[in-house]
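# Examination of the molecular architecture
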Amino acid sequence: MLYIAIITAIIISYTLFQRKHKRALTQVILTDAQKKLLAQHIDFYNNLNDTDKLYFEDKIEQFMDAVHIEGVGLEVNDVERLMVASSAVIPIFAFKDWNYRNITNVLLYPDTFDEQYQFEGDSGRSIMGMVGSGYMNGQMILSRKALEKGFSKNSGAENTGIHEFAHLLDKVDGATDGIPEQLLPHEFIKPWIRMMHQEIRKIEEGKSDINPYAATNEAEFFAVVSEYFFEKPDKLQARHPELYELLSKAFGQDPAAN
């Protein structure tokens, strides 16, 4: 309990610090070294043309201006900051005026953690990322190990950072329910719900290549298939064309075309 109290105090301190000093912060401007790190680690960035790369960099700067990224039990380096910011920017890249209004802090843990936010010990630590609620509202916790794996060459269709920011997008309409009402045109909401439940049944029956975690509930389905959409768009389009089409409409992007 003492450990939880300490972590809670840290989180509150971060929030208060940010609110108090937000106006005094200097604007983040990416250095040439940071741009090289984007090119080394972020495939999404590399697939953009020169004009869109400049826009991506601008969105990264905006996110890093607005959201405090801090390590717990570790020192955060530039690669990790850029990976967190890229996780946020990739899903909203097509939304020119979008700013995350439901997050103020991202806490980076060394590895997986448990429901009490502890990352030490040998058992019970299986959480790779979470979006906070209640007194943790506005906070996100990410495992550094999972974050780095998501941007590695052997990530498959998984990306924990994108997964958690997909939850934030889902949450914008007030409910984390797997129905991105603020993203999808109204006429596509019912087809999305129908298709989502059909796919969940296929996953439960072992007839889908989508990560079984997507069958946990509708919110996890949206987050998991969002990972798939950005990490393996060609594969998703080939195996799940209807799902790909609806996600393309929701995110305003067609990554399989790149």
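Report on the accompanying structure. In this numbering scheme, every chain counts its residues from 1 along its sequence in written order. The predicted origin of the model limits local features to residues at a pLDDT of at least 70 and limits the giving and counting of side-chain atom pairs to 80 or more, whereas totals for whole chains, interfaces and linings rest on all residues. Side-chain measures here rest on the full set of heavy atoms in the structure, leaving out hydrogens and waters.

### Things to note about the packing of aromatic side chains
- Aromatic pairing here means that ring centres of Phe, Tyr or Trp (its six-membered ring) are within 6.5 Å. Orientation follows from the plane angle: under 30 degrees is stacked, over 60 is edge-to-face, and everything else is tilted. The final tally for this structure, using the stated rule, is 19 aromatic pairs.
- Seen from their ring centres, Y45 and F56 are 5.7 Å apart, and the 55 degrees between their planes marks the pair as tilted. Separated by 11 residues along the polypeptide, Y45 in helix α3 (residues 43-46) and F56 in helix α4 (residues 50-66) bring together distant segments of the chain.
- In this scheme, a residue with accessible area under 20% of its type's maximum is buried, one over 50% is exposed, and one in between is partly exposed, where area comes from a 1.4 Å probe on protein chains only. A relative accessible area of 0% places F56 in the buried class.
- Between the aromatic rings of F229 and F230, the centroid separation amounts to 4.9 Å while the plane-to-plane angle is 80 degrees, which identifies the pairing as edge-to-face. You'll find F229 and F230 in the same group, each marked buried.
- An aromatic cluster of at least three residues, connected via ring pairs, comprises F44, Y45, Y55, F56, F93, W192, F221, F222, F229, F230, Y244 and F251.
- Over the ring of Y45 we find K53; its NZ or CZ atom is 5.4 Å from the centre of that ring.
- Note on criteria: charge over ring means Lys NZ or Arg CZ within 6 Å of the ring centre, with the direction from the centre no more than 35 degrees off the ring normal. The aromatic ring of F93 is capped on one face by K96, whose charged end is 5.6 Å from the ring centroid. Secondary structure elements are taken from DSSP: a helix is a run of H or I of four residues or more, a strand is a run of E of two residues or more, and numbering for both begins at the N terminus.

### Quick look at the packing of helix α9 (residues 218-231) against helix α11 (residues 241-251)
- As a packed pair, α9 and α11 sit with axes 11 Å apart at the nearest point and diverge in direction by 90 degrees. As far as their axial angle goes, α11 and α9 are roughly perpendicular. Residue-level inspection shows F221, F222, V225, S226, F229 and F230 of α9 in contact with α11, the latter providing L243, Y244, L247, S248 and F251.
- For the contact of α9 with α11, a count of residues per class yields 9 nonpolar, 2 polar and no charged. Helix axes use the C-alpha atoms of the stretch in contact, all axes being lines fitted to C-alpha atoms, and the angles between their N-to-C directions lie in the range 0 to 180 degrees. Small angles under 35 degrees read as roughly parallel and large ones over 145 as roughly antiparallel, with 65 to 115 read as roughly perpendicular and the rest as oblique. Should any heavy atoms of two residues lie within 4.5 Å, those residues are considered in contact. Polarity classes work like this: nonpolar for Ala, Val, Leu, Ile, Met, Phe, Trp, Tyr, Cys and Pro, charged for Asp, Glu, Lys and Arg, and polar for all others, with Gly in that last group.

### Description of the side chain of N159
- Residue position: N159 is located in the loop between α6 (144-150) and α7 (160-171).
- Overall, the relative accessible area of 0% leaves N159 in the buried class.
- Engagement of the side chain of N159 in a polar contact is seen with the backbone nitrogen of G161, the distance being 3.2 Å.
- By the criterion applied in these results, polar contacts are pairs of N or O atoms within 3.5 Å in which, for protein atoms, one can donate a hydrogen and the other can accept it, and in which residues neighboring in sequence qualify only through two side-chain atoms. Of note is the side chain of N159, whose polar atom sits 3.2 Å from the side chain of E231.
- Once you skip the residues sitting within four places of it in the chain, N159 turns out to touch S87, G150, F151, E227 and E231.

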